[in-house]
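# Tertiary structure, described
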2 protein chains.
Amino acid sequence: MGERLIVIGGCAAGMSAASKARRMDPQMEILTYERTGFVSYGECGLPYYISGVVKDHNDLVVRTPEQFAEQNIEVHLHHEVTEIDAENRRVRVEDLQSGGSRDEHYDKLLIATGGRPTLLPGLSSGAIEGVFVLRSVEDGIAIRRFIRERGPRQAAIVGGGYIGLELAESFHTLGLETTLIEWMPQVLIRFDPEMAQLVQEELEGQGVRLALGAKVEGLEADSSGQVRQVVSSQGRFKADLVLLALGVRPNVELAREAGVALGETGAIAVDAEMRTDLPEVFAAGDCAEAYHRISNRPAYIPLGTTANKQGRVAGTNIAGGEAEFAGIVGTAITQVFGLQAGMTGLAEREAKEQGYAVKAVRIKSRSRAHYYPGGKPLHIKLIFEEQSGRLLGGQIVGGEGVNGRIGVLAAALHRGMTIEELAQLDLAYVPPLAPVWDPLLVAANVALKG
Amino acid sequence: MGERLIVIGGCAAGMSAASKARRMDPQMEILTYERTGFVSYGECGLPYYISGVVKDHNDLVVRTPEQFAEQNIEVHLHHEVTEIDAENRRVRVEDLQSGGSRDEHYDKLLIATGGRPTLLPGLSSGAIEGVFVLRSVEDGIAIRRFIRERGPRQAAIVGGGYIGLELAESFHTLGLETTLIEWMPQVLIRFDPEMAQLVQEELEGQGVRLALGAKVEGLEADSSGQVRQVVSSQGRFKADLVLLALGVRPNVELAREAGVALGETGAIAVDAEMRTDLPEVFAAGDCAEAYHRISNRPAYIPLGTTANKQGRVAGTNIAGGEAEFAGIVGTAITQVFGLQAGMTGLAEREAKEQGYAVKAVRIKSRSRAHYYPGGKPLHIKLIFEEQSGRLLGGQIVGGEGVNGRIGVLAAALHRGMTIEELAQLDLAYVPPLAPVWDPLLVAANVALKG
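As a starting point, this report considers the structure included with it.

## Remarks on the overall build of chain A
- Along the backbone of chain A there are twelve helices and 25 strands.
- On C-alpha atoms alone, chain A measures out to a radius of gyration of 23 Å, which is about the 22 Å that the 2.2 N^0.38 rule sets for 450 residues.
- With respect to the principal axes defined by its C-alpha atoms, chain A has extents near 65 × 60 × 40 Å.
- A total of 450 residues make up chain A; the buried ones form 60% of that total.
- Sequence-distant contacts, at least 24 apart, represent 61% of the contacts inside chain A between residues at least 6 apart.
- Accessible area for chain A stands at about 17,000 Å²; split by element, carbon and sulfur atoms hold 46% of it.
- The distance from the centre of the 45 positive side-chain charges to the centre of the 57 negative ones in chain A is 5 Å.

Put into structure tokens, the structure is as follows:
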């Protein structure tokens, strides 16, 4: 028998690490403890499960516990690790179904406790009926069941991030009158306001009501305990379904109590090998920080892409291999109705906050050759350093062709390209898929003139 | 009055240069001579004009001669430059409509004579009715008129490059029984055979007949001079419409006679500023070479993207500015029926020919999260240097999401990234547009295992 790895949390990072460790070391004993009833599922697919685009929640599962068992990875569902004793390399595990608990020894420990939804102050989850968060498969099942069984007519979403926007589309698609309430003056707060504006126009154009700059002060229920209204600084919004999508915070209590150091973002501090400051204790995924290659600082941008990569790196090092996580450049994308909105690097505001002498250009181009039918407007913003011309970030909003172009910018950022280099890239062209001057090149050329 | 620029050829490179020179120098006198009746049009749109996807050939025009006139750029249609006297900085211009000719002085000269279709040995163009090439708007108009007026039933395309494939789709869409004849054993000769195979399957699946490895020996006409059959090494193919799409050769006769040096590819040799070896004589576009950043040699890969960039660089330098063309990495893409096929860098065969110790991996992934409906298979091949892991090329074939991913690889190639760096890229993810492990990352990870 080899060394024993305990993985706390069956999310993407945890299971990615477990699989990688297993592939590298067939002897290692690998145990995973997961609080919920599901591991290794496509969390980002939950909005599409709620809308019915994905029929069955089991479709979201990448790999079942049985499949992990075939790989000789033990998955314990409904088990919560409640204590880490780093000195003696033991964890205390509670069986949430039987109520029993036990201590387990580890040689290597991976903390992959993920994130959890931010709640409204004073609102304890489940206190009012019809109020939900969306994080686990169970959350998704509960929301879908609530809609089917209770037939709500009016939905309010609190929070205009990715999940909030995607659920606005889901609810609207299901025929609910939907209001999106965001306390900032814009949705997608990592985007610059004029780019977020395009998304706001799409939401309103599709019939979603927006309440921006509105602070939620409370929820009101009827006598049966069912939510009826959201009370906000901009008045009351009727709602018999409320989704709280206020963002994700790292689940770090367990780690903190064990003495694991947290970083400046509040998430677990890790090095490039995904090691925490405690020996043989690793962390990865939405509970951990990630080094941001453009700001040159740790960042907390919890996304599945990062979680998977970090898990893989952690798994490699846990199994005695050598891997380093190269860090992120802050890439993210969402699709809302007919619009895709992607960003990478720093937003203009962020770049200024970090002290860069920033220039930015914004262009409107098209996704196809001008004469090819079906082309859609494509808005591109590039943020770059004034003196050096080094690209600092990019944002793209449009009806098609956003994802790949964000990838091009992400690759450019990864290597610190200038807008001059960007303008010279040998990008592909065929009339149904791009204009002969790719919109990215147009934007870079406009930036060069500046 | 400023200096006088004469541009020979009103193609993308020529007009891009003229416009750029004008923007930089309002005083310069700029004259363009163009043999055909059109300048500045989307040549790559011609297959879609023939199929009727583009209704009017005027839609292909980016800018009319009148619009150039407003910019104070003189465009002389139906004028051919027949001689360059580099010593005295004069060109001889023939007015093809009146038959007159005259000498014109230049201070700067740009040769943008483009390319011309390769013909079958022994076949003089126009000798047989129903036989066409597709290069100019006039060619497109003639083909579309022929189809409308003569109602051909069976089309044969000789040549399985981009134009050949796109026209196979156009003809098939118009209801013609279509045969594609290619003397090599595969279509898209720059692609590796197993990737081209996917495109061949799509063509055949859609009902296009393929004759690969078939040498065309001649064309047979009926007594009225109308083509009836293509005679090939694999037998005879009935055809009352034949399109010769055998590739493009650089139009260099005029330049060669003037003493301009040609490069090893047979196209005009240029430096990074797009200067030829003669003083004040520049060349750009499909008549010129381009430096290939991966093979580190001049290449002849005539494409609109390169022509436009080269024209812009030439225009900048002609007007006294400073610009250098960074070269190409060999990017190209086509769409055939439901399939997109893109490549960048070197194919495996090419890389081996150039002496690299080559490794290659091929994966099949999907364009969307596994649970999101409508996803399509995405085949990716990566070619890289064995020792260093440096990426040398990539090919992608799939139903969607090809263009942007080729762009990511092109950016990676531009900067000489390794597959290890590629595997670390912070690419975007949202279920309708990508799996959480982007197919490019999957391919890079498989390559790393290799």
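Okay, back to it.
## Notes on empty space enclosed by the protein
- On inspection of all chains with the given rule, the structure shows four cavities of 30 Å³ or more.
- If you add up the space inside the largest cavity, you get close to 70 Å³.
- Around the largest cavity, the lining comprises 13 residues; the ones closest to its centre are G285(A), A288(A), I301(A), P302(A) and T306(A).
- For the lining of the largest cavity, the element with the most residues is helix α8 (residues 304-318) of chain A, which contributes three residues.
- For the lining of the largest cavity, the per-class residue count stands at eight nonpolar, three polar and two charged.
- By volume, the second largest cavity amounts to about 60 Å³.
- If you trace the second largest cavity, you find it lined by G285(B), D286(B), A288(B), E289(B), A290(B), A299(B), Y300(B), I301(B), P302(B), L303(B), T306(B) and Q310(B).

## Section: the nonpolar core
- F171(A), L203(A), F171(B) and L203(B) are the most contacted members of the largest nonpolar core, which has 176 residues in total.
- Here the element with the most residues in this core is helix α10 (residues 402-414) of chain B; it accounts for eight residues.
- The residues contacting F171(B), other than those within four sequence positions of it, are I50(B), I143(B), I147(B), A155(B), I157(B), L176(B), T178(B), L241(B) and L243(B).

## Looking at the interface of chain B and chain A
- In this complex, chain B contributes 63 residues to the contact, which on the side of chain A involves 63 residues.
- Across the chain B/chain A interface, buried area totals approximately 5,500 Å², and carbon plus sulfur atoms make up 61% of it.
- When the buried surface of chain B facing chain A is broken down by residue, R415(B), Q424(B) and D426(B) rank first, second and third, together holding 14% of it.
- Along the contact surface separating chain B from chain A lie two salt bridges.
- Remark: the boundary between chain B and chain A carries 21 residue pairs in polar contact (both at pLDDT 80 or more).
- Tallying contributions element by element places α10(B) first for the side of chain B that touches chain A, with nine residues.
- Of the residues in the side of chain B that touches chain A, the class split is 33 nonpolar, 20 polar and ten charged.

## A closer look at the pairing of strand β1 (residues 4-8) of chain B
Residue and element names in this part refer to chain B.
- The element β1 is largely enclosed, with a buried count of five among its five residues.
- Here five bridges tie β1 to strand β2 (residues 29-34), and the two strands are oriented parallel to one another. Directly across from I6, in β2, lies its bridge partner L31.
- For the handedness criterion, the β-α-β arrangement of β1, helix α1 (residues 12-24) and β2 is classed as right-handed.

## Examining the state of the cysteines
Residues and elements named next belong to chain B.
- One pass over the full model with this rule turns up zero disulfides over all chains.
- There is no disulfide at C44, and the cysteine sulfur nearest it, in C11, is 12 Å away.
- No disulfide involves C287; its sulfur sits 7.1 Å from the nearest other cysteine sulfur, which is in C11.
- For C287, a relative accessible area of 0% corresponds to the buried category.

Cut-off values and rules
- Residues numbered from 1 in each chain as written.
- Chains lettered and ligands numbered in written order.
- Predicted model: local features only at pLDDT ≥ 70, side-chain atom pairs only at ≥ 80, totals over all residues.
- Heavy atoms only, no water.
- Helix = DSSP H or I, 4+ residues; strand = E, 2+ residues; numbered from the N terminus.
- Rg over C-alpha atoms; globule rule 2.2 N^0.38 Å.
- Buried < 20%, exposed > 50% of the residue type's maximum accessible area, 1.4 Å probe, protein only.
- Contact = heavy atoms within 4.5 Å.
- Areas by Shrake-Rupley, 256 points an atom, 1.4 Å probe, with all protein chains shown as cover.
- Lys, Arg positive; Asp, Glu negative; His and termini not counted.
- Charge placed at Lys NZ, Arg CZ, Asp CG, Glu CD.
- 1 Å grid on protein atoms, 1.4 Å probe; cavity = no way out; pocket = protein on both sides within 12 Å on 5 of 7 lines; lining within 4 Å.
- Points joined across faces, edges and corners; volume = space filled by probe spheres on them.
- Nonpolar A, V, L, I, M, F, W, Y, C, P; charged D, E, K, R; others polar.
- Core = buried A, V, L, I, M, F, W, Y, C linked by side-chain atoms within 4.5 Å.
- Buried area = accessible area lost by both parts, 1.4 Å probe.
- Salt bridge = Lys/Arg side-chain N within 4 Å of Asp/Glu carboxyl O.
- Polar contact = N/O pair within 3.5 Å; in protein donor to acceptor, adjacent residues only side chain to side chain.
- Pairing = 2+ DSSP bridges.
- Right-handed = clockwise from strand over helix to strand, strands pointing away.
- Disulfide = S-S within 2.5 Å.

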